[in-house]
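Chains, contacts and geometry: an overview
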Amino acid sequence: MLYLQGILAVTKRHLLVWKAMFFSSFALYTLEPLLVLFAFGFGLGQAFETMGGLPYIQYVVPGMMISAAMYAVAFDAAYGSFLRRVFQKTYDAMLASPLNVQQITFGEILYAMIRAMFPASIVCAVGAYFGGVGSIIGVLIALAVIALTGACIFTMILSYASRIKLLNRIDFMMPMFLTPQFLFCGVFIERSMFPDWVQALAQIFPLTHAINLIRPLVSNQSLSADVLLTSLSYLIIVTAFFTFYSIRGLKKALTE
Amino acid sequence: MNNAVKLDKIHKKFGEFEAVKEVSFSVPEGKCVSLLGPNGAGKTTSLKMIMGLLKPSSGELEILGAQANEINHHIKSRIGLVPQDDNLDPDLTVEENLYVFGSYYGLKKEFIKEQTTKVLEFVSLADRRKAKISELSGGMRRRISFARALVSDPDLVILDEPTTGLDPQARHMLWQKVRNLKAEGKTILLTTHYMDEAERLSDLIVLVDHGQVIAKGSPRELIKEHVEPHVFEAEKPLPQGLEKFRNEDIGESVLIYSTDLSPEKKLGTFHHRPANLEDVFLKLTGRSLRESN
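None of these values were measured; they are calculated from a predicted model. (Residues numbered from 1 in each chain as written. Chains lettered and ligands numbered in written order. Predicted model: local features only at pLDDT ≥ 70, side-chain atom pairs only at ≥ 80, totals over all residues. Heavy atoms only, no water.)

1. Here's the deal with the interface of chain B and chain A
The interface of chain B with chain A comprises 27 residues on the first partner and 24 residues on the second. Considering only the side of chain B, the residues that lose the most area to chain A are N87, D91 and Y104 of chain B, jointly responsible for 27% of the buried surface there. Counting across the interface, chain B meets chain A through one salt bridge. For D89 of chain B, the salt bridge goes to R13 of chain A, with nearest N and O atoms at 2.4 Å. Counting the contacts that link chain B with chain A gives five residue pairs in polar contact (both at pLDDT 80 or more). No other element matches helix α3 (residues 94–104) of chain B, which puts six residues into the side of chain B that touches chain A. Its residues assigned to classes, the side of chain B that touches chain A shows 13 nonpolar, five polar and nine charged. (Contact = heavy atoms within 4.5 Å. Buried area = accessible area lost by both parts, 1.4 Å probe. Salt bridge = Lys/Arg side-chain N within 4 Å of Asp/Glu carboxyl O. Polar contact = N/O pair within 3.5 Å; in protein donor to acceptor, adjacent residues only side chain to side chain. Helix = DSSP H or I, 4+ residues; strand = E, 2+ residues; numbered from the N terminus. Nonpolar A, V, L, I, M, F, W, Y, C, P; charged D, E, K, R; others polar.)

2. Digging into the sheet that holds strand β13 (residues 253–258) of chain B
The strands making up a sheet are joined through hydrogen bonds of the backbone, oriented either antiparallel or parallel. Residue and element names in this part refer to chain B. Read across the sheet, four strands follow the order β12-β13-β11-β14 without closing on themselves; strand pairing throughout is antiparallel. Each edge of the open sheet carries a strand with a single partner, namely β12 (246–249) and β14 (270–274). Each neighbouring strand pair of the sheet contributes to a mean axis angle of 20°, computed without reference to strand direction. With four bridges joining them, β12 and β13 adopt antiparallel strand pairing. Following the sheet pairing, R246 is matched in β13 by Y257. (Pairing = 2+ DSSP bridges. Axes fitted to C-alpha atoms, helices over the stretch in contact; angles between N-to-C directions.)

3. Considerations on helix α5 (residues 101–129) of chain A
Here α5 of chain A contains 29 residues, and its C-alpha end-to-end distance of 43 Å stays within 8% of the 42 Å for a straight helix at 1.5 Å per residue. Two residues or fewer after α5 of chain A comes G131 of chain A, characterised by a positive phi angle close to 80°. (Expected span 1.5 Å × (residues − 1).)

4. A few points about the packing of helix α2 (residues 22–47) of chain A against helix α3 (residues 56–87) of chain A
Residues and elements named next belong to chain A. Interhelical geometry of α2 versus α3 gives an angle of 155° and a closest axis separation of 10 Å. In terms of orientation, α2 lies roughly antiparallel with respect to α3. Remark: the crossing between α2 and α3 carries right-handed chirality. Together, Y29, P33, V36, L37, F40, G41, L44 and G45 of α2 and Y56, V60, V61, M64, A68, Y71, A72 and F75 of α3 make up the contact between the two elements. When its residues are assigned to classes, the contact of α2 with α3 shows 14 nonpolar, two polar and no charged. (Parallel < 35°, antiparallel > 145°, perpendicular 65-115°, else oblique. Left-handed = near helix turned anticlockwise from the far one by under 90°.)

5. Considering the packing of α3 of chain A against helix α6 (residues 136–161) of chain A
Residues and elements named next belong to chain A. Put simply, α3 and α6 touch, their axes get as near as 9 Å, and they point 35° apart. Of the two possible hands of crossing, α3 and α6 adopt the one that is right-handed. For the pair α3 and α6, the contacting residues are M65, I66, A69, M70, V73, A74, D76, A77, A78, S81 and R85 in the first and L143, I146, T149, G150, I153, F154, I157, L158 and A161 in the second. In terms of residue class, the contact of α3 with α6 is made up of 15 nonpolar, three polar and two charged.

Here it is in structure tokens:
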């Protein structure tokens, strides 16, 4: 009970800080994807009437939901965690209380899940207005998948970010981790339009698997058991693995 | 008298590096003990072990009645730390900072509220409750850090270099607060680089260097035991006829240590003062600059 309370206290602290900085964060992580949605929805929507068998707006809304979530979570995992660990020493403050590194990490992950769902919900609401959403129940389940994907991306980055001593060591995240996912994992262009090796490479990224699940859910298409099993297992296993490494990384950085 | 903290032959290794070779000392309940030593002496590692963040490689550690492997939520709840670097949340208000910190302890909302009023009055910042941390001066932030460490009403308060970077007024104020805490019966463990601070506040000084305790005692005992009572500071070079006195070259000038006032006659301009803890520190740890930390 105390253990769980501790985790929630960490999440609550992050939510309070988020609230305090809401406007700058809103502009960056929510307005930005809306602009992209608008540009692609109208721009590309004219070029492709359908994509992957869906009206383009229905195709692009789930993609933008998850990519908005990815950016919000990724920057917090990379720069936010560095700020808390090195500049503001927030984690040291937490460790001076009865909290331990495990609780801190789980509190971070829980916060990342909430952060992932927020911009995705806004994008979804705007997308729904333009007819980009097929099923409300599907959206609710998709938000759960987005939360899981948020945890996955967050821990992947945190397991690395918790080990760096200089902030610029994480700068490669943009060109090597985020942009490839944004471009090649099926956010706004079907993966099958790319060469085979790009398609194969896309399989290693979480966004591919998230989109495999989210797009059928939001657009109310059937989701094959095969895809469900593969992509959901990918997200769960990768999250578990990197959660473990994040805890190890933070423990080493904070207590030794 | 019971000990709030007891380290018995504590040894801590990181790989091949021995951060703490052998440290033994106790902090009796209700007393103030200062842990002094140059950078890299093993103070921080010792504090981390006392906070339960590191486990000793060997030796016995007892904190508030619990052994090192028994330091749990309950024990840690009774320890308050004022950290070396302020780590308040700059985006939050004073009140929110205390609330957030209290919630890390699993404390009830009403209790945190009561404590917030109490500890802010204690550090004389009750009127800054709604201010954001980023709007406060360095001295005020230090006082909020102090207040934050007291939110859980701890029995043991650890102050890690609490007055570094503060102006004299703020330092005097913090010293008064430490004395008040002691009067309330709290146990205090202090680390500092300021010898005057240690001398004023502590009942017992533990001097560590190279991971070992090199001297222990009350400030008076240490001064009496290790250095001559009179100190003359004079310009270099050391005047002839004074070679027989122990002296320390401190750059521009030289310190001459004597049991009586006899060096006075041989000196031109000089400054005479009684020996203090700084002299003990210089004598026992040497004057070479420590780069490692």
